[in-house]
Amino acid sequence: MIISWNTTQACNISCLHCYRDAGVKRPDELTTQQGKKLLDEMARANFKIVILSGGEPLMRKDIYELIAHAKSIGLRPVLGTNGILISEEVAKKLKAAGLARAGISLDSTDKAKHDWFRQSEGAWDKTIAGMNACKKAGLPFQIHTTVMKWNEPEITQITDLAVEMGAAGHHLFFLVPVGRGTEIEDTTLQTEQYEALLERILDKQSQVSIELKPTCAPQFMRIAKERGMNMRFSRGCLAGTAYCVILPNGDVQPCPYLPLKAGNVKETDFSEIWKESRLFNELRTQPLKGACGACGYDSICGGCRARAYYYSDGDYLAEEPWCTAGR
C-alpha cells in the first residue's frame, strides 16, 4: 500500500495546475513531532511506501529528519518535488537520510513551455540540474509529467529524455481539475485522445526498460489486459482502498484530487481513520455506477474516482467520464 503526505503548503514556484494551490505555508501544518506520529501510524496501518510531497517538501527544514524517521520504522520514503532546490549537497543529504527515490516534475522537452507551465523562469534548467545532482549522489530518481492537450504530442519524447537522464521511471499524471487545475480544465484529454495516448504509452513501455506508469488514468489496466500485458499493478484507481493522502493541516482524503475529508490526524489516529472512515469503506465496498459498474473491468480499473466526482457534481461512485468501456 502507498500513501502521500503533503508535508507543506509552501512552495517556491506557482504552477498553473497545482492541486494544492500551493505557495504560502499554512499556520496549522503538522509539526515535526506530529509528523513522526503520523508516520508511525502509517506503518501501523501496514502502508509500505510514503510519498513526501507538498507544495515543495524541500521547504520544510525538518524534511531530512522526517525521511530518516520513516526509514527507521520500515517505511520506504520517496519524494515528490519540482527538483529546483536539489543541489549536489541536498542530494547527498537526502540519500544519507534514507530517501529511496526522488520523483521530479518535468512537463516538456521545451524549456520555455515547462517554465511557462511552472511559472518560473529557468525552472527547466534547474530541474535538470537537480536530476544530475541525484545521479551524482547515487540517489535514484524518476520523472513525473502532468499530461494535458498541449504536451500530449511529446509525452514519449519526455520518456526518451528520462531514459537519457538515467531516470528509474516515468510517471504520467493525467490532469484532474482541482485547485488551480480548475482554471485550465479545458486542457484535459478526453475519451479518444485520452485512450489513444494510453495505447502509445503501453507501446512505448515495450521499447524502454524503465517503468512507465499512468496515474489518474486507470483505464491503462483494461488496455493492458486486452493486450495480454502483465502489469505489476493490482488496480488502476487506488483511492481509499490501498492509497490516501494527508494534507498539510492533517486532513485525510482518498486522494489529492478528491476533496472529501475522511478525518483529521490531529483529532483521530490515522490508523483508526483508515480503518473506520465511512468514506473509505464506501469506496471499498459500494458498487460503481453507470458504465464503471457495467464494463466488467471495475476490479482492475475502478475508474478515476476524482474525475467522476468532479464531472458528476459530487458523486464519487459515478462513472468515469472519459472512458469508452461499457458504452
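Source: prediction; values computed, not measured. (Residues numbered from 1 in each chain as written. Predicted model: local features only at pLDDT ≥ 70, side-chain atom pairs only at ≥ 80, totals over all residues. Heavy atoms only, no water.)

Participant: Please explain the overall build of the chain as it appears in this structure.
Facilitator: Per the secondary structure count, the chain includes 12 helices and 10 strands. A compact globule built from 327 residues should have a C-alpha radius of gyration of about 20 Å, and the chain, at 19 Å, falls within 12% of that. Taking contacts inside the chain between residues at least 6 apart in sequence as the whole, the part at least 24 apart equals 70%. Just so you have it, the chain exposes about 13,400 Å², and 49% of that area is on carbon and sulfur atoms. Side-chain charges in the chain split into 40 positive and 39 negative, and the spacing between the mean points of these groups amounts to 6 Å. (Helix = DSSP H or I, 4+ residues; strand = E, 2+ residues; numbered from the N terminus. Rg over C-alpha atoms; globule rule 2.2 N^0.38 Å. Contact = heavy atoms within 4.5 Å. Areas by Shrake-Rupley, 256 points an atom, 1.4 Å probe, with all protein chains shown as cover. Lys, Arg positive; Asp, Glu negative; His and termini not counted. Charge placed at Lys NZ, Arg CZ, Asp CG, Glu CD.)

Participant: What is the right way to read the pattern of salt bridges from this model?
Facilitator: One side chain can pair with another of opposite charge once the charged atoms of both are near each other. In the structure shown here, the tally under the stated rule is 20 salt bridges. Residues lysine 261 and aspartate 251 are paired through a salt bridge, measuring 3.5 Å at the closest nitrogen-oxygen approach. Of this pair, lysine 261 sits in the loop between strand S9 (251-253) and strand S10 (263-264) while aspartate 251 sits in strand S9, placing them 10 residues apart in sequence. The residue aspartate 315 makes a salt bridge to lysine 289 at a minimum N-O spacing of 2.8 Å. (Salt bridge = Lys/Arg side-chain N within 4 Å of Asp/Glu carboxyl O.)

Participant: I tried to follow the environment of histidine 170 on my own but got confused; where do I start?
Facilitator: Summarising the element assignment, histidine 170 is placed in strand S6 (residues 169-174). Overall, the relative accessible area of 0% leaves histidine 170 in the buried class. In sequence terms histidine 170 and isoleucine 143 are 27 residues apart; their C-alpha atoms lie 4.8 Å from each other. Sequence-distant contacts of histidine 170, defined by excluding residues within four places in its chain, comprise Ile143, Thr145, Ile155, Ile158, Thr159, Ala162, Ile210, Glu211, Leu212 and Lys213. Within the structure, the side chain of histidine 170 is placed 2.8 Å from the side chain of threonine 145, a separation counted as a polar contact. A polar contact of 2.7 Å, which involves the side chain of histidine 170, links it to the side chain of threonine 159. (Buried < 20%, exposed > 50% of the residue type's maximum accessible area, 1.4 Å probe, protein only. Polar contact = N/O pair within 3.5 Å; in protein donor to acceptor, adjacent residues only side chain to side chain.)

Participant: It is not clear to me how the sheet that holds strand S5 (residues 141-147) should be interpreted in this structure. Could you clarify?
Facilitator: The strands making up a sheet associate through backbone hydrogen bonding, with each pair oriented either parallel or antiparallel. The strand order S7-S6-S5-S4-S3-S2-S1-S8-S9-S10 describes an open sheet built from 10 strands, whose pairing is mixed. Sheet topology places strand S7 (211-215) and S10 at the edges, where each strand pairs with a single neighbour. In this structure, strand S8 (residues 243-246) lies alongside S9, joined through two bridges in antiparallel fashion. Within the sheet, the bridge partner assigned to isoleucine 246 lies in S9 and is valine 252. In this fold helix H2 (residues 63-72) packs onto strand S1 (2-6), strand S2 (49-53) and strand S3 (76-81), with an angle of close to 150° to the strand it touches most, S3. (Pairing = 2+ DSSP bridges. Axes fitted to C-alpha atoms, helices over the stretch in contact; angles between N-to-C directions.)

Participant: What is the right way to read helix H8 (residues 219-227) from this model?
Facilitator: Helical geometry note: an α-helix holds 3.6 residues per turn, so side chains three or four residues apart project in the same direction. Those residues of H8 not exposed but buried are Gln219, Phe220, Met221, Arg222, Ile223 and Ala224. Looking at the residues trailing H8, positive phi occurs at glycine 228, about 75°.

Participant: I tried to follow the packing of aromatic side chains on my own but got confused; where do I start?
Facilitator: Aromatic rings considered in pairs are described by the distance between their centres and by the relative angle of their planes. Considering all chains together, one arrives at 12 aromatic pairs under this definition. Each ring, one from phenylalanine 270 and one from tryptophan 274, has its centre 6.4 Å from the other, and the planes form 25°; the classification is stacked. With phenylalanine 270 and tryptophan 274 both in helix H9 (residues 270-276), this residue pair falls four residues apart, about one helical turn. Per residue, the accessibility class of phenylalanine 270 equals that of tryptophan 274, and both read buried. Each residue in the set Phe47, Phe270, Trp274 and Phe280 is aromatic and connected to the rest through ring pairs, giving one cluster. Here the guanidinium or amino end of lysine 213 rests over the ring plane of phenylalanine 233, the centre of that ring lying 5.2 Å away. Sitting over the face of the ring of tryptophan 274, arginine 284 holds its NZ or CZ atom 4.3 Å from the ring centroid. (Phe/Tyr/Trp six-rings, centres within 6.5 Å; stacked < 30°, edge-to-face > 60°. Lys NZ or Arg CZ within 6 Å of the ring centre and 35° of its normal.)

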